[in-house]
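Fold and contact review
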Amino acid sequence: MQQNSRRLHPIIWFVISLAVVGILYQLITSPRQLFTTLLIGAAVVAVFYFIFRRTSAGVNGKYKKAVKQSKKRYGSNQKPSKTSPLFSNKKVKSTTQKKRAREHHLTVIEGKKNKKKNRASF
């Protein structure tokens, strides 16, 4: 028997129904207190949301800065969109045309791989 993934557990339905009953009861007995509570709750959620956005924006901002530097250095790899099929056949470029040599930012560090250890110095 397969269980539908959208189905909620009966305990969750019970908690939701109690929340709805509680909100309706508070709306009938003291609507001012209900709106004050909802307003304070919305303010707390908004504060947490803006704090979360600020902290996660730093990581995303650094990524966007790196992408911008990469595009500036190596050029954009985006292809222009085709406007019509008539013009697409006129501009056919060969693959042997202008291959740009990229500068590598890697350096070789000389190591002591082939030198034997002098065990007498230990």
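**Structural notes on the overall build of the protein chain**
What the protein chain contains, in helices and strands, is three helices and zero strands. Expressed as a percentage of the 122 residues in the protein chain, the buried residues total 1%. Surface accessibility of the protein chain: about 13,600 Å² in total, with carbon and sulfur atoms responsible for 61%.

**Regarding the packing of aromatic side chains**
Summed over all chains, the structure comprises one aromatic pair. Here Tyr49 and Phe50 contribute two aromatic rings whose centre-to-centre distance is 5.5 Å and whose plane-to-plane angle is 65°, an arrangement assigned as edge-to-face.

**A few points about the environment of Tyr74**
Along the chain, Tyr74 turns up in helix α2 (residues 31-74). Exposure remark for Tyr74: the relative accessible area of 22% places this residue in the partly exposed category.

**Remarks on a nonpolar patch on the surface**
Taken together, the side chains of Leu8, Ile12, Trp13, Ile16, Val20, Leu24, Leu27, Phe35 and Leu38 define a hydrophobic patch exposed on the protein surface, amounting to about 850 Å² of accessible area. Taken together, the elements giving at least two residues each to the nonpolar patch come down to α1 (10-29) and α2. Top contributing element to the nonpolar patch by residue count: α1, with six residues. Residue placement: Trp13 occurs in helix α1.

**Observations concerning the confidence of the model for the protein chain**
Reading fine detail from the predicted coordinates is not recommended where pLDDT is low. For the protein chain, per-residue confidence averages 76 on the pLDDT scale, and residues scoring 70 or more make up 63% of the total. Per-element averaging of pLDDT across the protein chain places helix α3 (residues 85-88) at the bottom with 52 and α1 at the top with 93.

Cut-offs used in this document
All chains use their own residue numbering, which begins from 1 and follows the written sequence. Predicted model: local features are reported for residues with pLDDT of at least 70 only, side-chain atom pairs are reported and counted for 80 or more only, and whole-chain, interface and lining totals are derived from all residues. Based on all heavy atoms of the structure, the side-chain values leave hydrogens and waters out of the count. Secondary structure elements follow DSSP: runs of H or I of four or more residues count as helices, runs of E of two or more count as strands, with numbering from the N terminus. Working definition: with a 1.4 Å probe on protein chains only, accessible area under 20% of the residue-type maximum means buried, over 50% means exposed, and in between means partly exposed. Using the Shrake-Rupley algorithm and a 1.4 Å probe, accessible areas are obtained, with residue cover drawn only from the displayed protein chains. Geometry of aromatic contacts follows a simple scheme: Phe, Tyr and Trp rings, the Trp one being its six-membered ring, pair when their centres are within 6.5 Å, and the pair is stacked under 30 degrees between planes, edge-to-face over 60, tilted otherwise. Residues forming no salt bridge and having over 30% relative accessible area are the ones grouped into patches, like charges within 9 Å of each other and nonpolar side chains (Val, Leu, Ile, Met, Phe, Trp, Tyr) within 5 Å. A pairing counts as a salt bridge when a side-chain nitrogen of Lys or Arg comes within 4 Å of a carboxyl oxygen of Asp or Glu. Predictor confidence is given residue by residue as pLDDT, running from a minimum of 0 to a maximum of 100.

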